[in-house]
Amino acid sequence: MFKMKMSFSKITTFEQCPLKFKFQYINRFPTKTSPVLLLGQTIHSSLEKFFDFSPEKRELKLLKNLFRREWKIERNKLRDEGDFEMDKATEIEHGKRGLIMLENFYASQLMSEPVQREQFVEASLNDEIQFLGRIDRLDKCMHDGKEGFKVIDYKTGKLNDRFVDFIQLFTYAWLMNEQGFKIYSSVFYYLEPNKMIEKSLNDEIFEQTRNTLIERSLPIYKAMEEDDFSPQKSALCPYCDYISMCPLQTGEIHI
Ligand code: SF4
């Protein structure tokens with residue numbers, strides 16, 4: 001029996017479409033980058049590098065310059081690799097959005113010193129599944145007079161209150177709790193609207209999170225054992241990076 005490496009994005013990709021999961025995580029066919037993804041990646045790397053500087057040097061001008069530098073490096077790399085096009089108007093639009101996000105960040109309470117940044121962590125869900133995640137940030141916090149920690153996840157996409165995935169938030173907290181940190185809360189920070197969504201945590205929520213992750217990972221485990229990854233058509237197909245090789249779209253399979 002193999003020990004499967006699982007992540008939250010693997011679960012959501014499989015739930016959208018098992019064949020897409022196979023293309024992305026088993027065949028490892030490359031995914032496409034978009035200006036939106038470039039923006040998210042650049043904001044994350046700028047914020048990570050910002051805290052490498054000593055507190056007295058952490059000015060808004062530095063943060064914006066880091067963003068501009070990271071943006072150029074990533075954009076040029078993607079262009080050199082081919083398959084990435086972005087016209088000037090799109091670049092200006094996304095660049096402006098990024099700078100507004102950083103202004104919001106600079107005025108927020110998150111200018112305090114993080115305990116950890118951009119950490120890859122993993123923990124055992126059970127004997128068969130190892131769960132992996134990347135934690136944007138860990139901060140100290142107080143809860144009922146006791147010192148503990150909070151997990152923070154930066155969000156650079158639009159905020160739609162109806163579609164906030166709290167299990168994702170609980171998963172990052174569970175992962176850090178498993179590393180031995182006493183986690184009292186978990187926060188999604190949406191940079192563009194400058195809004196924080198915070199959830200308090202306890203042992204019961206961690207146990208429920210573990211059980212939910214096992215439940216949602218098991219169909220993937222089964223599909224891998226049986227090598228059965230059927231395509232699943234949905235409204236998201238037009239945005240799928242593998243649409244040109246999908247048998248549902250090429251007419252090899254009819255549903
Ligand atoms: S186009 Fe749709 S059905 Fe085909 S692989 Fe992509 S998500 Fe799945």
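All values reported here derive from a predicted model rather than from experimental measurement. (Residues numbered from 1 in each chain as written. Predicted model: local features only at pLDDT ≥ 70, side-chain atom pairs only at ≥ 80, totals over all residues.)

(A) Molecular detail of the pairing of strand 3 (residues 129–143). Where strand 1 (residues 4–6) and strand 3 come together, three bridges link them in parallel fashion. The partner of K5 across the bridge, within strand 3, is Q130. Bridge count between strand 2 (residues 116–124) and strand 3: eight bridges; the pairing is antiparallel. Looking across to strand 3, one finds that Q116 is bridged to L138. (Pairing = 2+ DSSP bridges. Helix = DSSP H or I, 4+ residues; strand = E, 2+ residues; numbered from the N terminus.)

(B) Molecular detail of the nonpolar core. Ranked by size, the top nonpolar core spans 45 residues in total, and within it V151, Y172, A173, M176, I183, Y189 and L191 carry the most contacts. The greatest single-element share of this core, amounting to seven residues, is contributed by helix 6 (residues 166–178). Residue-level mapping places this core at the junction of two domains, with at least three residues from each of domain 1 (4–28 + 112–226) and domain 2 (35–111). Not counting the four nearest positions on each side in its chain, V151 is found in contact with I135, L138, Y172, A173, M176, I183 and S186. (Core = buried A, V, L, I, M, F, W, Y, C linked by C-beta atoms within 7 Å. Buried ≥ 20, exposed ≤ 12 C-beta atoms within 10 Å, placed from the backbone. Domains from an automatic or database assignment. Contact = placed C-beta atoms within 7 Å.)

(C) Inspection of helix 5 (residues 88–106) at higher detail. Helix length check: helix 5 (19 residues) gives 27 Å between terminal C-alpha atoms against 27 Å at 1.5 Å per residue, within 8%. Within the span of helix 5, buried status applies to G98, M101, L102 and F105. All buried residues of helix 5 fall inside an arc of 95° around its axis, so they share one side. Among the exposed residues of helix 5, those pointing more than 90 degrees away from its buried face are K88, A89, I92 and K96. On its buried face, helix 5 sits against helix 3 (35–50) and helix 4 (60–81). (Expected span 1.5 Å × (residues − 1). Arc of directions from axis to C-beta.)

(D) Representation of helix 7 (residues 203–226) in the model. End to end, helix 7 covers 35 Å across 24 residues, agreeing with the expected 34 Å (1.5 Å per residue, within 8%). The complete set of buried residues in helix 7 reads T209, R210, L213, S217 and I220. Buried residues in helix 7 make contact with strand 1, helix 1 (8–16), strand 3 and helix 6. Of the residues one or two after helix 7, D227 is the one with positive phi, at around 50°.

(E) Structural context of the site of the ligand. Near the ligand lie 13 residues; those nearest to it are C17, P231, C237, C240 and C246. Elements with a minimum of two residues in the shell around the ligand: helix 2 (18–26) and helix 8 (247–250). Looking at side-chain class alone, the shell around the ligand contains nine nonpolar, two polar and two charged residues. (Near = placed C-beta within 6 Å. Nonpolar A, V, L, I, M, F, W, Y, C, P; charged D, E, K, R; others polar.)

(F) Summary view of the packing of helix 3 against helix 5. Axis separation between helix 3 and helix 5 bottoms out at 10 Å; the angle between their running directions is 35°. Note that helix 3 runs across helix 5; the crossing there is right-handed. Counting all contacts with helix 3, which are made through P35, L39, T42, I43, S46 and L47, the residues of helix 5 involved are T90, H94, R97, G98, M101, L102 and F105. Looking at the contact of helix 3 with helix 5 residue by residue, the classes come out as seven nonpolar, five polar and one charged. (Axes fitted to C-alpha atoms, helices over the stretch in contact; angles between N-to-C directions. Left-handed = near helix turned anticlockwise from the far one by under 90°.)

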